[in-house]
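# Report on the structure
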Amino acid sequence: MNRRRGLDFRRAGGRRKISNVVWWVLSAIVITLFILILSKATQIEPRPSIPERRYRHEKLVEGMNMTEEMLSPTSFARQVNDQIALAKAFVVIAKESKNLQFAWDLSAQIRNSQLLLSTAAASRRPLTVLDSEPTIRDMAVLLYQAQQLHYDSATMIMRLKATIQSLEAQMSSVTDKSAKYAQIAAEEVPKSLYCLGVRLTTDWFQNSELQGNLAERSYAVASKLTDNSLYHFCVFSDNIVATSVVVNSTALNSKAPEKVVFHLVTNEINYAAMKSWFAMNMDNLRGVTVEVQKFEDFRWLNASYVPVLKQLQDSDTQSYYFSGHNDDGRTPIKFRNPKYLSMLNHLRFYIPEVFPALKKMVFLDDDVVVQKDLSALFSIDLNRNVNGAVETCMETFHRYHKYLNYSHPLIRSHFDPDACGWAFGMNVFDLVEWRKRNVTGIYHYWQEKNVDRTLWKLGTLPPGLLTFYGLTEALEPSWHVLGLGYANVDARVIDKGAVLHFNGNLKPWLKIGMEKYKPVWEKYVDYSHPFMQQCNFH
């Protein structure tokens, strides 16, 4: 009995030892497996987090879409932005009302509101009540004060309208004054040019030898003046220096200067000075023949024949051109320039009468420079037309409707408004066809129809367009380059041009002339001449 107990006791003790061993073995296995799992976990690369970040970023951007934020009726950012816009308008009105302190307060609060919006944009989150309430409240107080100061919308609109009207009136006044001053500057006779005329005139009457030399030269070349095998050019001008540039530049660039004949027509005042200048400088013209006349010697040029001279006798015309008071100053000053009634300006319509023996003539304005040989102009076939001219309906230049009044039935029924315009300044005239078609009579007809200035207002080009309508042959554009007196002209076009025209107010002999184009003109001016130096011509 006792031995059996002892055996049982030993067996129970053995079982406990076995169970403990099993437990420790199992624990060791679990721990080993756990360690292995951890070690493998550390060896696996972590999952990239970029897509997650991108997702979060997209969520943030979506949450702070400014367009949606501003369109939302519950957006605090929109409310702040609206307050800023209104406050800016009140700042203007406050300044207009001389309330500078209030304008400063509004400006300071505008900066605070803008700082709030920029902070919200930088943090990429919409404004909350806590963020925006103080700023919105402070701005609301100032806007309420603005309303108490009668800075409401109706008042603001009325004041802005008044301000706009005042500014428009000021701008109109300044523009009108600017146009008048520019026109005065363009019409000004420079002191140096006036001085030169006086000195030349004085020298002419004091220098009998100079008069004798010119008389001898004139007698020797008299036959050239009517020789139709030569190249005849005419210039009508009272500007001695400008005319000399036209003659000098033509002579220096001519391939056969001995065949070039210049017919110059001026007025009584400048007649002696013009003769004196060319008598002194004839040796520098490479054999070019120069004839000087004055239009006062043309007996046929009188009021009974010339509409412009007849109009000058009319009191309304005199008032229009010389005072400008008959229309309360509504007509721009440039339309009232008396030069447009000058016979030197209108003499271009009487070229066949001035030169009855000639068949072909090239007319040049006194504000041109010739930089190519022009002899080829005399062999151009005008196809039985009277006028050869460069058309100006491309680029910035105009067609007929820009020059004429197409509300007038007489203009509307006779002329195509889209007809291509052309330029005076370098024109080839077939004087045989001119006489045959009585072109001067056509000019007289339209000039008489425009006695009340309802067909056109300005200059000699509009009547020229009417007179030579259907009688003009288009020339190659490089023969006559325009715009050097008012616009920017492509340098390549200038280089190719045969005749460069300083049309416009910015003449190269004036201080207001375009500096970049002056050298083109000045290289043909003889600044070394004693009279030029004495008169400070530079």
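Structure shown above.
Let us look at the structure shown here. From a predicted model like this one, the values you see are computed outputs, not experimental measurements.

A word on the overall build of the chain. When helices and strands are counted, the chain shows 22 helices and 10 strands. When each of the 538 residues of the chain is scored for burial, the buried share is 43%. Counted over contacts in the chain with a minimum sequence separation of 6, partners at least 24 positions apart contribute 74%. Accessible surface, the chain as shown: approximately 30500 Å² in total, 56% of it carbon and sulfur.

Here the focus is helix H5 (residues 100-123). For H5, spanning 24 residues, the distance from its first C-alpha to its last is 35 Å, which sits close to the expected 34 Å at 1.5 Å a residue. When H5 is considered as a whole, its buried residues turn out to be Phe102, Ala103, Leu106, Ala108, Gln109, Ile110, Ser113, Leu116, Leu117 and Ala120. Residues of H5 that are buried make contact with helix H4 (76-96) and helix H6 (129-148). Arg124, located one to two residues past H5, shows a positive phi value of around 55°.

This part is about the packing of aromatic side chains. The full count for this structure, using the stated rule, is 23 aromatic pairs. Here Tyr400 and Phe415 contribute two aromatic rings whose centre-to-centre distance is 6.5 Å and whose plane-to-plane angle is 35°, an arrangement assigned as tilted. You can see Tyr400 sitting in the loop between strand S6 (387-389) and helix H16 (409-414) and its partner Phe415 sitting in the loop between H16 and strand S7 (426-430), a full 15 residues away along the chain. With respect to burial, Tyr400 and Phe415 carry one shared label: buried.

Now for the state of the cysteines. All chains considered together, the criterion is met by 2 disulfides. Between the sulfur atoms of Cys195 and its disulfide partner Cys535 the distance amounts to 2.1 Å. Across the disulfide from Cys195 to Cys535, rotation about the S-S bond amounts to roughly -70°, and the bridge is consequently left-handed. With Cys195 in helix H8 (residues 191-206) and Cys535 in the segment after helix H22 (530-534), this residue pair connects regions lying 340 residues apart in the sequence. Judged by its relative accessible area of 21%, Cys195 is partly exposed. Judged by relative accessible area, Cys535 falls into the buried class, the value being 5%. A disulfide bridge connects Cys393 with Cys420, and the sulfur atoms are separated by 1.9 Å. The sign of the -90° torsion about the S-S bond sets the Cys393-Cys420 disulfide as left-handed. Of this pair, Cys393 sits in the loop between S6 and H16 while Cys420 sits in the loop between H16 and S7, and the two are 27 residues apart along the sequence. Overall, the relative accessible area of 18% leaves Cys393 in the buried class.

A few words on the sheet that holds strand S10 (residues 499-501). Pairing is mixed across the open sheet formed by 3 strands, whose spatial order is S5-S10-S9. Pairing within the sheet leaves two strands with one partner each, and these edge strands are strand S5 (368-370) and strand S9 (480-481). The sheet contact formed by S5 and S10 spans 3 bridges and is antiparallel. Paired with Val370 across the strands is Val499, a residue of S10.

Across the sheet, 7 strands lie side by side as S3-S2-S1-S4-S7-S6-S8; this open sheet has mixed pairing. In the strand order of this sheet, the two ends are held by strand S3 (289-294) and strand S8 (472-474), each with one partner. The sheet shows a mean angle of 25° between the axes of neighbouring strands, taken without regard to direction. Strand direction decides the pairing type here: strand S1 (residues 231-236) and strand S4 (residues 360-364), joined by 2 bridges, are parallel.

So, on to a nonpolar patch on the surface. Taken together, the side chains of Val92, Leu160 and Ile164 make up a nonpolar region of the molecular surface, amounting to roughly 230 Å² of accessible area. Structurally, Ile164 is set in helix H7 (residues 153-187). For Ile164, a relative accessible area of 46% corresponds to the partly exposed category.

Nonpolar side chains in soluble globular proteins generally cluster together in the buried interior. Phe233, Phe262, Phe278, Val290, Leu364 and Leu377 are the most contacted members of the largest nonpolar core, which totals 60 residues. A total of 7 residues in this core trace back to one element, the largest contributor, which is helix H10 (residues 240-253). Apart from residues no more than four positions distant in its own chain, Leu377 is found in contact with Lys360, Val362, Met426, Val428, Leu475 and Trp479. Among the nonpolar cores identified, the runner-up in size contains 44 residues, and Met361, Phe363, Tyr400 and Leu404 belong to it.

Rules behind the numbers
- Residues numbered from 1 in each chain as written.
- Predicted model: local features only at pLDDT ≥ 70, side-chain atom pairs only at ≥ 80, totals over all residues.
- Heavy atoms only, no water.
- Helix = DSSP H or I, 4+ residues; strand = E, 2+ residues; numbered from the N terminus.
- Buried < 20%, exposed > 50% of the residue type's maximum accessible area, 1.4 Å probe, protein only.
- Contact = heavy atoms within 4.5 Å.
- Areas by Shrake-Rupley, 256 points an atom, 1.4 Å probe, with all protein chains shown as cover.
- Expected span 1.5 Å × (residues − 1).
- Phe/Tyr/Trp six-rings, centres within 6.5 Å; stacked < 30°, edge-to-face > 60°.
- Disulfide = S-S within 2.5 Å.
- Pairing = 2+ DSSP bridges.
- Axes fitted to C-alpha atoms, helices over the stretch in contact; angles between N-to-C directions.
- Patch = residues over 30% accessible without salt bridge, like charges linked within 9 Å, V, L, I, M, F, W, Y side chains within 5 Å.
- Salt bridge = Lys/Arg side-chain N within 4 Å of Asp/Glu carboxyl O.
- Core = buried A, V, L, I, M, F, W, Y, C linked by side-chain atoms within 4.5 Å.

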